[in-house]
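One-letter residues, chain by chain:
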Amino acid sequence: MHTPGTATPERFPARDHFADGAQYIAGRLAHGTSGHAHTVVDPATGAEVLTYGLAGADDVDAAVAAARAAFPGWAGATPGERSDALHRFAGVLAERAEEFARAESLQCGKPLKLSREFDVPGTVDNTAFFAGAARHLQGQSAGEYTGDHTSYVRREPIGVVGSIAPWNYPLQMAAWKILPAIAAGNTIVLKPSELTPLTSLMFARAATDAGIPDGVVNIVTGTGREAGERLVGHPDVAMTSFTGSTAVGRRVAALATATVKRLHLELGGKAPFVVFDDADLDAAVQGAVAASLINTGQDCTAATRAYVQRPLYDAFVARTAALMETVRLGDPFAPGTDLGPLVSHAHRDRVAAFVDRARAHARVVTGGEAPGGELEDGAYYRPTLIVDAAQDSETVQTEIFGPVLVVLPFDGDDEGIALANDTPYGLAASAWTGGVYRANRATRELRAGCVWINDHIPILSEMPHGGHRNSGFGKDMSVYSFEEYTQVKHVMFDNTAVAAKDWHRTVFGDR
Ligand code: NAD
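Residues numbered from 1 in each chain as written. Predicted model: local features only at pLDDT ≥ 70, side-chain atom pairs only at ≥ 80, totals over all residues. Heavy atoms only, no water.

### Observations regarding the site of the ligand
Part 1: With respect to spatial proximity, 29 residues lie near the ligand, and among them Ala165, Glu229, Ser245, Leu267 and Glu399 are the closest.
Part 2: Taking lysine 191, its side chain carries an N or O atom lying 2.8 Å from an oxygen atom of the ligand.
Part 3: Within the backbone of leucine 267, one N or O atom sits 2.7 Å away from a nitrogen atom of the ligand.
Part 4: Compared with its free state, where it exposes 850 Å², the ligand has 90% of that area covered by protein.
Part 5: Spatially, the ligand is embedded in the largest pocket.
Part 6: Listed by contribution, the elements that provide at least two residues to the shell around the ligand are helix 7 (224-233), strand 9 (239-243) and helix 8 (246-258).
Part 7: Counting contributing residues per domain, the shell around the ligand is built from domain 1 (19-267 + 467-489) and domain 2 (271-453), each supplying no fewer than three. (Near = heavy atom within 4 Å. Polar contact = N/O pair within 3.5 Å; in protein donor to acceptor, adjacent residues only side chain to side chain. Areas by Shrake-Rupley, 256 points an atom, 1.4 Å probe, with all protein chains shown as cover. 1 Å grid on protein atoms, 1.4 Å probe; cavity = no way out; pocket = protein on both sides within 12 Å on 5 of 7 lines; lining within 4 Å. Sits in = over half its atoms within 2 Å of the grid points. Helix = DSSP H or I, 4+ residues; strand = E, 2+ residues; numbered from the N terminus. Domains from an automatic or database assignment.)

### Re the packing of helix 4 (residues 112-133) against helix 5 (residues 170-183)
For any two helices packed against each other, one specifies the inter-axial angle together with the distance between the axes.
Part 1: It is at 10 Å that the axes of helix 4 and helix 5 come closest, and there the two elements cross at 5 degrees. Relative to helix 5, the element helix 4 lies roughly parallel. Along its contact with helix 4, which presents Phe118, Asp119, Val120, Gly122, Thr123, Asn126, Thr127 and Phe130, the element helix 5 presents Leu171, Gln172, Ala175, Trp176, Leu179, Pro180 and Ala183.
Part 2: Classifying every residue of the contact of helix 4 with helix 5 by side-chain character gives nine nonpolar, five polar and one charged. (Axes fitted to C-alpha atoms, helices over the stretch in contact; angles between N-to-C directions. Parallel < 35°, antiparallel > 145°, perpendicular 65-115°, else oblique. Contact = heavy atoms within 4.5 Å. Nonpolar A, V, L, I, M, F, W, Y, C, P; charged D, E, K, R; others polar.)

### Quick notes on the domain arrangement of the protein chain
Part 1: Here the protein chain is partitioned into domain 1 (19-267 + 467-489) and domain 2 (271-453).
Part 2: For domain 1 and domain 2, the distance between their C-alpha centres works out to 30 Å.
Part 3: Listed as interface residues are 29 residues of domain 1 and, on the opposing side, 33 residues of domain 2.
Part 4: Carbon and sulfur atoms make up 56% of the area that domain 1 and domain 2 hide from each other, which totals about 2400 Å².
Part 5: By the criterion of area lost to domain 2, the three top residues of domain 1 are Pro43, Trp167 and Arg469, representing 25% of everything that side buries.
Part 6: Run the count over domain 1 and domain 2 and you get one salt bridge.
Part 7: Of the charged contacts in the structure, one is a salt bridge between lysine 113 and aspartate 338, with a shortest N-O distance of 2.8 Å.
Part 8: Elements with a contribution of two residues or more to the side of domain 1 that touches domain 2: helix 3 (97-108) and helix 4. (Buried area = accessible area lost by both parts, 1.4 Å probe. Salt bridge = Lys/Arg side-chain N within 4 Å of Asp/Glu carboxyl O.)

### Some details on the pattern of salt bridges
Part 1: Applying the stated rule across the entire model yields 32 salt bridges.
Part 2: With its nearest N and O atoms 2.9 Å apart, the salt bridge here joins arginine 328 to aspartate 338. Here arginine 328 is found in the loop between helix 10 (310-324) and helix 11 (345-358), whereas its partner aspartate 338 is found in the loop between helix 10 and helix 11, with 10 residues between them in sequence.
Part 3: A residue is classified by how much of its surface remains accessible, and aspartate 338, at 24% relative accessible area, is partly exposed.
Part 4: For aspartate 502, the salt bridge is made with arginine 505, and the minimal N-O distance between the two is 3.7 Å.
Part 5: Using a relative accessible area of 46% as the deciding quantity, one classes aspartate 502 as partly exposed.
Part 6: Taken together, the shared-partner salt bridges in this structure form one network comprising Asp277, Asp278, Asp413 and Arg438. (Buried < 20%, exposed > 50% of the residue type's maximum accessible area, 1.4 Å probe, protein only.)

Set out below in structure tokens:
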């Protein structure tokens, strides 16, 4: 193994953007003042990408103050004005699409084709969607419910939103947090993962360049313990929106509850992929490989547990393993690459340890190792298929967050659905069948925030994304996200103009 150097200018043309630091407060970059530095590493090579000063408590306080100062003006803008700004924002993002795609691939290790065809266009589309949705915030109808009063409901922004995001889809996670919040008239401070801050900072700068006022979108880049906890506990932050692991989500929930904040949690997943015996086997095999390996398996909705009805089980295992072996690991920037490295060497080692522990009770059919050779310096791990694992084992019950699929057989339909529901998570699930009754039953009985039939992974701006059970609560994307980022106010007018109102006698005097 040779010593990795610094990412070359060809690999990281956007380096100059970050010369003034990795905090974005009140419309400009600033250096973090925690006294600690962090180095962003290219997981494909181990090369240094950027060393920056992490945010400390003072930086979080400054960002919250900027968001607070910007709130009255932004909340007071008309929906049409906010919509115009978001339309311009979508335009700026589209112009910079290639720059975003390259930075996202560099910091995460995802193949350029994934960043170009999924992360970046998805983000542009989401921005355009919220530009339209900003004009369609709806309240309940007004009416004379007592006869003597007129009531109506105002839907209002909450204030300063404090958001925390993970490293697996940094640009999309920033978009999912920022867009519904600001479309509804809130201002925001987002803390991206310290491992992957580049595209969140570029996103905030694009907002400024599109004319969104300073202080509406702020980014603090620091650790969870220091910057994250300060943000969640901050008295001037009205809402916490968190995406990340269930373990950290529990800690965030406790801190947010102590300061009585609105809370939205998008947590981990362990999505089942249920293949009934009347399924199209070709489609199920293709689907399982794509849905378990997307983003190198670092996807909260990725297919992680395939339950296959006994008549198809052996063929499914053999063909899925064979197809996994054709997936081309390599440099995210190389045209022929299907699968990049994991986000970091530490995370790769964590995934490898899960698979090594599984060997004690289960069988690794393919994969289960780092590739070595010319990929030795990167955080690579081969696509891995595991069988013969017990339903109650760690392999089946715990989120591994890597390119690892475990396959289990089932007999009757009841058993397949029961096994699919048998983890604490409930983010996403899919069922594969040619039968309309089986499909319909699966949509009713699979306990997850999203159920696909004969597909697994697609998401879209118009539809909600979010979990049930230990995968959290609340929705990203779609108009349903406005339920998180707005609060309703009941307004009541007296229509009688009478001093002695009828109900006063319950306090003094008689009718
Ligand atoms: P993580 O929970 O380790 O970290 C998420 C974020 O929380 C990071 O920004 C981190 O710095 C911050 N954080 C850590 N400790 C904190 C603390 N004490 N207080 C406040 N903030 C803290 O998750 P990760 O490893 O970055 O991401 C992977 C996880 O995210 C997986 O579990 C995955 O399923 C989940 N995820 C869920 C969704 C969803 O929509 N449900 C989407 C993407 C990722």
